[in-house]
Amino acid sequence: MIGQDGGVPIPPLRRAPVQRRSAERLGRILDACAELLDETGYEDLSTRAVAERAGVPIGSVYRFFSNKRAMAEALAHRNLDEYAARVTERLAASGASGASGPDGLAGGGWREAMDVVVDEYLAMKRGAPGFALVEFGMPVPVTATPDQPNHLVADRLRELLGERLGLEESGEAGERVRVAFLLAVEAADALLRLAFRVHPEGDPVIVAETKELLRAYLAGVLD
């Protein structure tokens, strides 16, 4: 199933919605899952509770998902779709003035784009239901394949910003950009998790230092 913005597909469902009513029901199920994750946590989450909160028969939940993990994974992929859409909208708004930064992106260049990437993550962390627990993917072993959440996020951001920033797509330069985005996402993930451990809304000093670290590292690749 393709995500809301036509991007990263939601993990395979038992049955993909075809009619609009079915798609809306799937949306209500994922909304209910997100709300209950905030209220009860993942361990106490149940498909029956989700069905009751969504106002649908339990069979409707099992029509799409085999278990609660599959449901949470679908929510995580929907979060990634929403995050990409929010970043895209912010960047489009910043470019509406027509002002061009020194590195080619309307507005403040790639540095502004990176600030938007961080700020929209913080906004979802603070306000998106269920995001604090699942974010962009369920926890996986460190030996997992490149389908790990941070790989998905890095690839999605690179695709989203590639044309705007004129990023190299192939060859040695393209591989360097790919690795740089992955390392930047991994570093930001670790530091912003620390920011939220220090303060429930994200420690502003750590957030600011995270942005400075990303600028300093990515300057060697994107300038």
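Residues numbered from 1 in each chain as written. Predicted model: local features only at pLDDT ≥ 70, side-chain atom pairs only at ≥ 80, totals over all residues. Heavy atoms only, no water.

1. Here we look at helix α8 (residues 171-198)
Thinking step 1. Here α8 is 28 residues long and its end C-alpha atoms lie 41 Å apart, about the 40 Å a rise of 1.5 Å per residue gives.
Thinking step 2. Among the residues of α8, G174, V177, A180, F181, L182, A184, V185, A188, D189, L192, A195 and F196 are the ones counted as buried. (Helix = DSSP H or I, 4+ residues; strand = E, 2+ residues; numbered from the N terminus. Expected span 1.5 Å × (residues − 1). Buried < 20%, exposed > 50% of the residue type's maximum accessible area, 1.4 Å probe, protein only.)

2. Looking at the nonpolar core
Thinking step 1. In this structure, Y83, L161 and F181 are the most contacted members of the largest nonpolar core, which totals 41 residues.
Thinking step 2. Contributing elements (two or more residues each) for this core: α4 (68-94), α5 (109-127), α7 (149-165), α8 and α9 (204-222).
Thinking step 3. Ranked by the residues each element gives to this core, the list is headed by α8, at ten residues.
Thinking step 4. Dropping the residues within four chain positions of it, F181 is found in contact with M114, A154, L157, R158, L161 and L167.
Thinking step 5. Residues L26, L37, A70 and A72 belong to the second largest nonpolar core, which totals 24 residues. (Core = buried A, V, L, I, M, F, W, Y, C linked by side-chain atoms within 4.5 Å. Contact = heavy atoms within 4.5 Å.)

3. Considering the confidence of the model for the chain
Thinking step 1. Chain-level pLDDT for the chain is 84 on average; 84% of the residues reach the 70-or-more range.
Thinking step 2. Mean pLDDT values over the elements of the chain span from 88, in α7, up to 96, in helix α2 (residues 47-54).
Thinking step 3. In this model residues 1-9 is a low-confidence stretch, pLDDT under 50, and it forms 23 contacts with partners more than four residues away in sequence or in other chains.
Thinking step 4. The model gives residues 139-146 a pLDDT under 50, and that stretch makes six contacts with residues more than four places away or in other chains. (pLDDT = per-residue confidence, 0-100.)

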